[in-house]
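Structural features, examined
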Amino acid sequence: DTTINRVYRNPYRGIRSNYRGMPTDCPQRDERQGWLGDRTAGALGESYIFDNGLLYAKWLQDIEDTQRGDGALSDVAPNYWPVYNDDVTWPSAYIVIAQMLYERFGNLQPIVKHYDSMKKWLDHVRDNYMVDYIVTRDYYGDWCMPPESPEMIHSQDPARVTDGRLVGTSFFYRLLNMMARFAAVAGHEEDIPAYLEQAARVKDAYNRMFLNPETGQYANNTVSAGLLSLVQGLVPDTLKQKVFDELVRRTEVDFDSHVSTGMIGMQFMMRGLSRYGRPDLALTLATNRTYPSWGYMIDRGATTIWELWNGDTADPAMNSGNHLMQLGDLIAWDWENLAGIQADPAAPGFKHILMKPDFPQGLEWVDASYESMYGMIGSHWKRTGGGLSWSVEIPANTTATLRVPASDVSQVEADGKPLAENPALTDVRASDGFVTFEAGSGSYRFLVGK
């Protein structure tokens with residue numbers, strides 16, 4: 001798809017021009033600062049384009065160096081601008097990026113090195129801004145969602161603005177669970193029960209305050225409110241489908257299948273839609289050419305990514321044409337959901353690979369490769385009449401779980417043989433419209449259907 005390919009080239013330029021010993025927000029005006037919030041999800045997508053493991057391991061030290069004695073972190077690192085707003089979403093990059101470095105590069109050292117500092121920051125938030133297990137402090141909200149008027153920077157419509165307490169508390173819940181995992185891998189097992197108990201109390205308080213179980217709506221029912229609740233694990237199992245259906249309805253009906261989130265919601269939008277069964281809607285968002293969309297930026301001459309969805313019409317007080325904050329998880333979605341190249345969190349550094357492309361209708365082919373620490377991972381699929389052809393490359397000393405859309409094992413061939421008869425493939429099983437199997441290193445070609 002020409003839009004996907006052109007949009008991909010824009011962040012490539014933007015990322016490259018913003019790496020300077022630290023990841024910055026923009027290279028061209030009086031700011032050029034290492035804003036944490038811009039890279040909370042961005043660092044993951046960037047890691048598919050550039051080998052950024054050492055850059056971000058270094059940046060975590062810059063973040064710790066901003067920490068005050070009371071545990072507060074600056075929203076900018078290095079803190080040339082000392083911005084201590086005691087937000088949760090911006091400094092969450094400290095913990096989220098440490099997890100990225102572990103899962104993507106197998107680098108445990110940042111977690112070990114910064115564990116005490118991360119814990120101190122979470123304690124600071126809890127002790128100063130938590131009331132009845134709800135985080136009451138949020139400074140930025142869902143920053144720069146598309147406003148109701150083209151000349152505006154920030155929306156003034158309460159129906160568009162996501163409750164800051166929901167934003168901060170949902171992030172805090174996810175961070176508690178991440179820290180429980182960090183405690184397990186970094187030798188602090190004694191901390192795990194406290195993290196998990198606190199997370200359980202936060203989840204209960206959160207749903208009592210924000211969830212309407214009859215409608216599947218959170219707070220004032222912005223798309224971000226439902227999305228943040230769903231993908232960060234706060235929605236009760238029995239209501240997940242209802243919450244997802246509601247945020248899809250709002251996106252398709254109320255916003256004409258366009259984005260309605262700011263940079264916080266966009267961190268989860270694309271992968272969230274795919275995870276819960278609507279990769280087709282994610283593809284629509286990725287390929288839209290009307291406002292608000294990345295394609296709209298391209299049609300207005302953008303060669304990078306704008307700071308604002310309406311950067312061509314908004315008050316020029318925020319005027320950057322080379323920001324990455326609205327990119328969200330688009331690049332990660334390109335690789336993990338379109339190409340199906342994803343690190344298994346249980347086997348860091350791509351020791352085990354999850355290869356489960358979405359194969360969304362509307363795309364005829366995807367061709368991608370990623371140079372992991374074990375070697376090249378390749379994924380090339382294309383439509384063949386009524387079926388699919390998928391060529392896969394799995395590097396030495398790794399294994400992979402692969403999944404294709406088929407209702408029965410007999411519908412799948414591997415290297416010219418029935419899938420079940422190929423000795424290189426194991427644990428073959430069919431469930432819920434997919435055939436899943438395990439493979440070792442090597443090159444394979446699969447045919448699905450006709």
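Small disclaimer: the values here were computed from a predicted structure and weren't measured. (Residues numbered from 1 in each chain as written. Predicted model: local features only at pLDDT ≥ 70, side-chain atom pairs only at ≥ 80, totals over all residues. Heavy atoms only, no water.)

1. Some points on the overall build of the chain
Assigned secondary structure in the chain consists of 13 helices and 13 strands. A compact globule built from 450 residues should have a C-alpha radius of gyration of about 22 Å, and the chain, at 22 Å, falls within 12% of that. For the chain, the C-alpha atoms occupy an extent of roughly 60 × 50 × 50 Å along the three principal directions. A total of 450 residues make up the chain; the buried ones form 58% of that total. Of all intrachain contacts in the chain linking residues separated by at least 6 positions in sequence, the fraction that spans at least 24 positions is 66%. (Helix = DSSP H or I, 4+ residues; strand = E, 2+ residues; numbered from the N terminus. Rg over C-alpha atoms; globule rule 2.2 N^0.38 Å. Buried < 20%, exposed > 50% of the residue type's maximum accessible area, 1.4 Å probe, protein only. Contact = heavy atoms within 4.5 Å.)

2. With respect to the nonpolar core
W294, M355, L402 and F446 are the most contacted members of the largest nonpolar core, which totals 144 residues. Counting residues per element, this core draws most heavily on helix α6 (residues 164–185), at twelve residues. Apart from the residues lying within four places of it in its own chain, the contact partners of M355 are G340, I341, I377, G378, S379, W390, V392, I394, A400, T401, L402 and R403. (Core = buried A, V, L, I, M, F, W, Y, C linked by side-chain atoms within 4.5 Å.)

3. What to know about the packing of aromatic side chains
Counting across every chain of the model gives 24 aromatic pairs. Where Y48 meets W335, the ring centres are 5.3 Å apart and the plane angle is 10 degrees; that geometry is what we call stacked. Pair noted here: Y48 is in helix α2 (residues 42–49) and W335 is in helix α13 (residues 330–339), with a separation of 287 residues, a long-range link. For the pair Y48 and W335, a shared accessibility class is recorded, and that class is buried. (Phe/Tyr/Trp six-rings, centres within 6.5 Å; stacked < 30°, edge-to-face > 60°.)

4. Observations concerning the pairing of strand β8 (residues 375–384)
In this sheet, β8 lies alongside strand β7 (residues 365–372) in antiparallel orientation, the contact comprising eight bridges. Of the residues in β8, the one forming a bridge with E371 is M376. Counted between consecutive antiparallel strands, the loop separating β7 from β8 contains two residues. Looking at chain direction, β8 and strand β9 (residues 387–405) are connected through seven bridges and run antiparallel. Following the sheet pairing, T384 is matched in β9 by G387. Counting the residues that bridge the hairpin from β8 to β9 gives two residues, and of these G385 lies at a positive phi of roughly 65 degrees. (Pairing = 2+ DSSP bridges.)

5. Some details on the pairing of β9
Relative to β9, strand β6 (residues 352–355) runs parallel, the two sharing four bridges. Within the sheet, the bridge partner assigned to L354 lies in β9 and is T401. Examined bridge by bridge, β9 and strand β13 (residues 434–448) share 14 bridges and lie antiparallel to one another. Residue pairing in the sheet places L402 in a bridge with F437 of β13.

6. A closer look at α2
Counting buried positions over the eight residues of α2 gives eight, a clear majority of the element. Among the residues of α2, G42, A43, L44, G45, E46, S47, Y48 and I49 are the ones counted as buried.

7. Here we look at the side chain of S372
By secondary structure assignment, the location of S372 is in strand β7. With near-sequence residues (within four places) excluded, S372 lies in contact with F350, I377 and P395.

8. Examining the pattern of salt bridges
Enumeration over the complete set of coordinates arrives at 25 salt bridges. With a shortest N-O distance of 3.0 Å, R271 and D329 are connected by a salt bridge. In this pair, R271 is assigned in helix α10 (residues 269–275) and D329 in the loop between α12 (294–299) and α13, connecting sequence segments 58 residues apart. Residue classification places R271 among the partly exposed residues on the basis of a relative accessible area of 21%. Overall, the relative accessible area of 1% leaves D329 in the buried class. For E438, the salt bridge identified is with R429, shortest N-O distance 3.4 Å. Its relative accessible area of 17% is what places E438 among the buried residues. Under the relative-accessibility criterion, R429 is labelled partly exposed at 32%. Through salt bridges with shared partners, a single network forms among E246, R249, R250 and D254. (Salt bridge = Lys/Arg side-chain N within 4 Å of Asp/Glu carboxyl O.)

9. Digging into the environment of T3
As for its position among the elements, T3 is in helix α1 (residues 2–18). Among the residues examined, T3 registers a relative accessible area of 4% and is labelled buried. The spacing of T3 and D299 is 296 residues in sequence and 9.9 Å in space, taken between C-alpha atoms. With near-sequence residues (within four places) excluded, T3 lies in contact with A286, T287, N288, R289, G295 and I298.

10. Some thoughts on the state of the cysteines
Tallied over the full model, the rule gives zero disulfides. No disulfide involves C26; its nearest neighbouring cysteine sulfur is the one of C144, lying 13 Å away. Look at C26 and you get buried, because its relative accessible area is 0%. (Disulfide = S-S within 2.5 Å.)

11. Quick notes on the environment of E421
In this fold, E421 is placed in the loop between β11 (417–418) and β12 (425–431). Given the relative accessible area of 57%, E421 is considered exposed. Sequence-wise, E421 and Y80 are 341 residues apart; in three dimensions their C-alpha atoms are separated by 62 Å.

12. Thoughts on unusual backbone geometry
The bulk of non-glycine residues show a negative phi, and the bulk of peptide bonds are trans. P78 follows A77 through a cis peptide bond whose omega is -5 degrees. Topologically, P78 is positioned in the loop between α3 (53–65) and α4 (93–105). Note the cis peptide between Y291 and P292, where omega equals -10 degrees. Note on placement: P292 falls in the loop between α11 (279–287) and α12.

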